[in-house]
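Next come the chains, spelled out residue by residue.
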Amino acid sequence: EVQLLESGGGLVQPGGSLRISCAASGFTFSSYTMNWVRQSPGKGLEWVASISSGGHIYDAESVRGRFSISRDNDKSTLYLQMNSLRAEDTAVYYCAKDTEHGSGSYCFDHWGQGVLVTVSS
Amino acid sequence: QSVLIQPPSVSGTPGQRVTISCSGSTSNVGIKTVNWYQHVPGTAPKLLVHSDNDRPSGVPDRFSGYKSGTSASLAISGLQSEDEADYYCASWDDSLSGWVFGGGTRLTVL
């Protein structure tokens, strides 16, 4: 059974830093693209960043230069390093596993329960 | 303003059929597949439809996805109270080199 467990959330001051993690199990972690998606209070889902099995990274313009996605395949763990945090980064952050359905079709087939990050003074 | 446009809310009575639209452009829905997710606040989002119209195993056939040109839709037939949730469409955007989501549609079962 695929399991994704996020951790490391909490309260941080504006301008501060935080690293959140996602521990994966139940599949060959190193073979899959992994993603971070967030949901700010009262708003919809927003894609944050993706890292492929080969380490190729894509990220949203809203976090570019401030957030960094990484992975440790030996530990089956995904990370999101968040720097220069702003109030608008307050959100529940979800880890999501990618899967390919052929012909270039991809989706997020498993999601974690999410971790809350609050940016406030 | 989300890149993919969805109605903020839809509603229906038990047993009815409802549809949720998702309008995109030639850089996303028009050239890439669309996925649909169901999200009950406080829980993990769930994949409902992938590749425009395929359902993962375990998803009831009451849920169907459609796509034509730059628009997609999700149809839910035989509406049930447990279908109350937020529904999101998503697609890869070649111009942005990233995933884009719709703003979400809140389904209320009256």
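Our subject is the structure listed above.
Residues numbered from 1 in each chain as written. Chains lettered and ligands numbered in written order. Predicted model: local features only at pLDDT ≥ 70, side-chain atom pairs only at ≥ 80, totals over all residues. Heavy atoms only, no water.

Turning next to the overall build of chain B. Looking only at helices and strands, one finds 0 helices and 9 strands in chain B. Starting at the N terminus and walking to the C terminus, you meet the elements of chain B as β-β-β-β-β-β-β-β-β. For 110 residues, the compact-globule estimate of 2.2 N^0.38 gives 13 Å, and chain B sits close to it at 13 Å. When its C-alpha atoms are laid out on the principal axes, chain B stretches across 40 × 25 × 25 Å. Counting the 110 residues in chain B, one finds 49% classified as buried. The contacts in chain B between residues at least 6 apart in sequence include a share of 59% that link residues at least 24 apart. Summed over all atoms, the accessible surface of chain B reaches about 4800 Å², with 47% contributed by carbon and sulfur. Here chain B carries 7 positive and 9 negative side-chain charges, and the mean point of each set is 2 Å from the other. (Helix = DSSP H or I, 4+ residues; strand = E, 2+ residues; numbered from the N terminus. Rg over C-alpha atoms; globule rule 2.2 N^0.38 Å. Buried < 20%, exposed > 50% of the residue type's maximum accessible area, 1.4 Å probe, protein only. Contact = heavy atoms within 4.5 Å. Areas by Shrake-Rupley, 256 points an atom, 1.4 Å probe, with all protein chains shown as cover. Lys, Arg positive; Asp, Glu negative; His and termini not counted. Charge placed at Lys NZ, Arg CZ, Asp CG, Glu CD.)

Okay, the overall build of chain A next. Across its full length, chain A holds 0 helices and 11 strands. Along chain A, helices and strands appear, N-terminal first, in the series β-β-β-β-β-β-β-β-β-β-β. In terms of overall dimensions, chain A is globule-like: its C-alpha atoms have a radius of gyration of 14 Å, near the 14 Å expected for 121 residues. Dimensions of chain A along its principal axes, counting C-alpha atoms only, are 45 × 25 × 25 Å. Residues counted as buried form 48% of the 121 residues belonging to chain A. For chain A, restricting intrachain contacts to residue pairs at least 6 apart in sequence, the fraction spanning at least 24 positions comes to 54%.

Moving on: the side chain of serine 50 of chain A. Tracing the sequence through the fold places serine 50 of chain A in strand 5 (residues 45-51). Residue classification places serine 50 of chain A among the buried residues on the basis of a relative accessible area of 3%. At 2.5 Å, the side chain of serine 50 of chain A and the side chain of asparagine 35 of chain A are in polar contact. When sequence neighbours within four positions are dropped, the list of residues in contact with serine 50 of chain A reads Thr33, Met34, Asn35, His56, Ile57, Tyr58 and Ile69 of chain A together with Trp99 of chain B. (Polar contact = N/O pair within 3.5 Å; in protein donor to acceptor, adjacent residues only side chain to side chain.)

Before going further, it helps to spend a moment on the sheet that holds strand 3 (residues 18-25) of chain A. Residues and elements named next belong to chain A. Overall, antiparallel pairing links the 4 strands, which are arranged 1-3-8-7 in an open sheet. Looking at strand neighbours, the two that pair on one side only are strand 1 (3-7) and strand 7 (67-72), the edges of this open sheet. This sheet shows a mean twist of 15° between the axes of neighbouring strands, independent of strand direction. (Pairing = 2+ DSSP bridges. Axes fitted to C-alpha atoms, helices over the stretch in contact; angles between N-to-C directions.)

So, about the nonpolar core. A general trend in soluble globular proteins is that nonpolar side chains are found buried together. If you look at the biggest cluster of nonpolar residues, it comprises 43 residues, and the most contacted ones within it are Trp36, Tyr93 and Trp111 of chain A together with Phe101 of chain B. Each residue touching tyrosine 93 of chain A, except ones within four places of it in the same chain, is listed here: Glu6, Ile20, Trp36, Val37, Arg38, Val48, Phe67, Leu80, Met82, Gly114, Val115 and Val117 of chain A. In this structure, Phe63, Ala72, Cys89 and Val109 of chain B belong to the second largest nonpolar core, which totals 22 residues. (Core = buried A, V, L, I, M, F, W, Y, C linked by side-chain atoms within 4.5 Å.)

In this complex, chain A contributes 21 residues to the contact, which on the side of chain B involves 18 residues. Taken over both partners, the interface formed by chain A and chain B buries close to 1600 Å², and the fraction arising from carbon and sulfur atoms is 63%. Looking only at chain A, the three residues that lose the most surface to chain B are Leu45, Trp47 and Trp111 of chain A, adding up to 33% of its buried area. Counting every contact that joins chain A to chain B gives 0 salt bridges. The interface formed by chain A and chain B contains 7 residue pairs in polar contact (both at pLDDT 80 or more). At the level of elements, strand 4 (34-39), strand 5, strand 9 (91-100) and strand 10 (106-111) of chain A are the ones that each hand at least two residues to the side of chain A that touches chain B. Ranked by the residues each element gives to the side of chain A that touches chain B, the list is headed by strand 10 of chain A, at 5 residues. (Buried area = accessible area lost by both parts, 1.4 Å probe. Salt bridge = Lys/Arg side-chain N within 4 Å of Asp/Glu carboxyl O.)

Each disulfide is one covalent bond, formed between the sulfur atoms of two cysteines. Residues and elements named next belong to chain A. This model, assessed by the stated rule, comprises 2 disulfides over all chains. Paired through a disulfide, cysteine 22 and cysteine 95 show a sulfur-sulfur distance of 2.1 Å. Because the torsion about its S-S bond is -65°, the bridge between cysteine 22 and cysteine 95 counts as left-handed. Of this pair, cysteine 22 sits in strand 3 while cysteine 95 sits in strand 9, and the two are 73 residues apart along the sequence. (Disulfide = S-S within 2.5 Å.)

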